[in-house]
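Single-letter residue listing:
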Amino acid sequence: MDQYGQRRTLVIRAFALGSLLMAAQAEAAECRLALALALDVSSSVDTLEDTFQRRGLANALIAPDVERAFFLSPQPVALAVFEWSGAKHQRLLVDWRMIDTPQDLLDVAELLRASKRTNNTEATALGQALAYASALMANGPDCTAKTLDVSGDGKNNDGFPPDKAYKYFPFENITVNGLAIKTVGTSMAAFTAVPIDIAGYYRREVIRGPNAFVEEAQNYGDYERAMTRKLERELAPLAVTMKMDQP
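Residues numbered from 1 in each chain as written. Predicted model: local features only at pLDDT ≥ 70, side-chain atom pairs only at ≥ 80, totals over all residues. Heavy atoms only, no water.

Q: Pulling in residues and values, what's your account of the overall build of the protein?
A: A count of helices and strands for the protein gives nine helices and six strands. For the protein, buried positions account for 47% of its 247 residues. Within the protein, contacts between residues separated by at least 24 positions form 78% of all contacts whose residues are at least 6 apart in sequence. Total accessible area on the protein stands at roughly 12,500 Å², and carbon and sulfur atoms take up 55% of it. (Helix = DSSP H or I, 4+ residues; strand = E, 2+ residues; numbered from the N terminus. Buried < 20%, exposed > 50% of the residue type's maximum accessible area, 1.4 Å probe, protein only. Contact = heavy atoms within 4.5 Å. Areas by Shrake-Rupley, 256 points an atom, 1.4 Å probe, with all protein chains shown as cover.)

What follows is the structure in structure tokens.
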């Protein structure tokens, strides 16, 4: 066998070994993806906007394309949802749940529709929200991949900033994506009552990890569309990327 043939044989063997290792890792994991969704309930989010957000997430989870993306693989997706605002306010809305069937998705959607915010006067503590999510992920199921999905409409103005969360809390192998909501805030939102480039801020300060991205909602009325698109991309990155790249 010539040198080219030997090299080709080695490449084939390395590829086969890598495939076997990946398959073994997948079989050892409980699920293919641990997905945590974080909802902004700070003072910049008024009552109507909060309703749009909860209802929009509930509808996005059971949208046909999202449902299909959940079940692209025999391995399930694990899902958790929490709300966040000030430094001392993070509340779990849906604890880790394995999404094995469409009924599981429907159950989570109904829980979100029925949920109510408990505080609407606190500031925007993105750093603490990330720290909370880090602990949530550490206590979650053993999945092949882990993704945190942070929604928000304002910059950090309470507690420590996102970069400190990434410095002092474990985020190894966790991808952090963002859903940036364009808004000028409400009369209660002293810190966010002016137009800001929230998508740019999320790209610079919030997202983290391989292929992390920011989805943008034009306002809270656009939240459902943006969340649906983002969930499709997070649940089926290859398929969605190929579709988005097509002319």
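Q: Provide a residue-level description of the environment of Phe82, including the pertinent values.
A: As for its position among the elements, Phe82 is in strand 2 (residues 77-84). A relative accessible area of 1% means that Phe82 is categorised as buried. Along the primary structure Phe82 and Leu39 are separated by 43 residues, whereas in three dimensions their C-alpha atoms are 6.3 Å apart. Excluding its chain neighbours within four sequence positions, the residues that come into contact with Phe82 are Leu37, Ala38, Leu39, Arg91, Leu92, Leu93, Ala129, Tyr132, Ala133, Leu136 and Leu148.

Q: Residue-level account of helix 2 (residues 47-61), with values.
A: Counted at 1.5 Å a residue, the expected span for helix 2 with its 15 residues is 21 Å, and the 21 Å between its end C-alpha atoms agrees. All buried positions along helix 2 are accounted for by Glu49, Asp50, Gln53, Arg54, Gly56, Leu57, Ala58, Asn59, Ala60 and Leu61. Taking the backbone nitrogen of Leu48 as reference, a side-chain oxygen 3.2 Å away marks Asp46 as the first, capping residue of helix 2. (Expected span 1.5 Å × (residues − 1). Polar contact = N/O pair within 3.5 Å; in protein donor to acceptor, adjacent residues only side chain to side chain.)

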